[in-house]
Amino acid sequence: MKKLMVIFALLLSFMFVLSACGGKDEKEDQKTAVNTKDKKTTNNQDLLKTIQDDGKITIGTEGTYPPFTYHDTSGNLTGFDVDLANEVAKRLGVKAEYKETQWDAMFAGLDAKRFDMIANEVGIRPDRQAKYDFSDPYITSTGVLIVNTANTKVKKFEDIKGLNAAQSLTSNYATTAKKYGANIVGVEGFQQAVELLTQKRVDVTINDKLTYLDYKKQKPDAPIKIAATANDAATSGFMFRKNSDTLVAAVNKALKEMVDDGTYKKISEKWFGEDVLK
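Each residue is numbered by its place in its chain's sequence as written, counting from 1. Where local features are concerned, this predicted model is filtered to residues with pLDDT of at least 70; where side-chain atom pairs are given and counted, the filter is 80 or more; whole-chain, interface and lining totals use all residues. Side-chain measures were taken over the full set of non-hydrogen atoms in the model, leaving aside hydrogen atoms and water.

## Looking at the overall build of the chain
The condition that has to hold: Every helix listed is a DSSP run of H or I at least four residues long, and every strand listed is a run of E at least two residues long, numbered separately from the N terminus. Per-residue accessibility, obtained with a 1.4 Å probe over protein chains only, is compared with the maximum for each type, and a residue is labelled buried under 20%, exposed over 50%, and partly exposed between these values. Any two residues whose heavy atoms approach within 4.5 Å at even a single point are treated as in contact. Residue exposure ignores everything except the shown protein chains as possible cover, and the areas themselves are Shrake-Rupley values with a 1.4 Å probe.
Helix and strand counts for the chain stand at 10 helices and 11 strands. Classification of the 278 residues of the chain by burial places 43% in the buried group. Within the chain, counting contacts between residues at least 6 apart in sequence, those at least 24 apart form 70% of the total. With the model as given, the accessible surface of the chain reaches about 15,300 Å², and the carbon-plus-sulfur share is 53%.

Okay, structure coming up:
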């Protein structure tokens, strides 16, 4: 009997130890979960605070895509998107710091947190919205099919099936070219696409009408022309990593203020001679 009582006492002690350990583990798990949640909130939701504490917002851009983002004759980075982004940064109370990279590397750069947002006429479309956050649209534009002036065969988008189209690989217009059956020749930007087109090394390129008009304004003798214009217009916005909620909200607020007080219209007319918001 005495032996049974000793065994019973040992069992009770063992159960108490297990219970205590389990309680400790549960508390540790809860603490870890809270810390993880806090870390996630800091990384994503407080990006605006981090930017304002640092006094700067880092912006990814090409710097080779006039009139949106390019270098003037003095070598200074300028353009429609640059002017807009500078004004947004000013209204956030921070300095805009640009990091230039090729179009196809910008998305990876944003993912890797090399910059806080992208300002480069990025089209807002569902597949990108699934992975990234966007600001409200700040420009509406139409795609055009551009050919060499000597080309008399291509008159509509359907005519490019089997032809070579010079496109930035991840752009909206590369998707359009593929849709119509063109063979994609990868380029770093519009300038290179036009060079290949004027040299007749490719057959076509699809790009933004405003970009084409600006290029022709700068180089009226360039042997290129518009063969067709897309029926649907596309919108573009600043792009951010997912869950950059407070930063996106602040940028949208700044954009709305710019529209309301006439600053947006002033910048738009400077580059295009008209309001290109809608």
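The rest of the description comes next.
## Comments concerning the layout of surface pockets
Which entries qualify depends on this criterion: Cavities and pockets were defined on a 1 Å grid built over protein atoms only: a cavity is a set of grid points that admits a 1.4 Å probe from which the probe cannot escape, a pocket is an open set flanked by protein on both sides within 12 Å along at least five of seven lines, and lining residues are those with an atom within 4 Å of any such point. Grid points are joined across faces, edges and corners, and a volume is the space filled by probe spheres set on the points. The classification used treats Ala, Val, Leu, Ile, Met, Phe, Trp, Tyr, Cys and Pro as nonpolar, Asp, Glu, Lys and Arg as charged, and all other residues, Gly among them, as polar.
Of the pockets and cavities examined, the largest pocket occupies roughly 730 Å³. Those elements giving two or more residues to the lining of the largest pocket turn out to be strand 5 (117-123), helix 5 (126-129), strand 7 (139-148), strand 8 (164-167), helix 6 (172-179), helix 7 (190-198), strand 10 (204-208) and strand 11 (224-241). Looking at side-chain class alone, the lining of the largest pocket contains 16 nonpolar, 17 polar and 8 charged residues. Along its surface, the second largest pocket is lined by 15 residues, and K209, L210, L213, E274 and V276 are the ones closest to its centre. Counting residues per element, the ones that place at least two in the lining of the second largest pocket are strand 7, helix 8 (209-218) and helix 10 (263-272). For the lining of the second largest pocket, the leading source of residues is helix 8, giving 5 residues. Here the residues of the lining of the second largest pocket are counted per class, giving 6 nonpolar, 3 polar and 6 charged.

## What to know about the pairing of strand 1 (residues 56-61)
Put simply, the rule is: Two strands make a pair as long as DSSP finds a minimum of two bridges between them.
The buried count for strand 1 comes to 5 of 6 residues, which makes it a mostly enclosed element. Relative to strand 4 (residues 95-100), strand 1 is paired through 6 bridges, and the arrangement is parallel. For G60, the partnering residue across the bridge sits in strand 4 and is K99. Of the pairings in the sheet, the one linking strand 1 to strand 5 comprises 2 bridges and is parallel in character. Across the sheet, the residue bridging to G60 is I118, located in strand 5.

## Concerning the nonpolar core
Defined as follows: Nonpolar core, defined: a set of buried Ala, Val, Leu, Ile, Met, Phe, Trp, Tyr and Cys residues in which side-chain atoms within 4.5 Å join the residues together.
I57, F80, L92, I139, F238, L247 and Y264 are the most contacted members of the largest nonpolar core, which totals 49 residues. Per element, the largest residue contribution to this core is 7 residues, and it comes from helix 9 (residues 245-260). In contact with I139, not counting residues within four places along its chain, are F68, F80, E121, L210, A234, T235, S236, Y264, F272, V276 and L277. Of all hydrophobic cores here, the second largest spans 13 residues; its members include L145, V147, I160 and I206.

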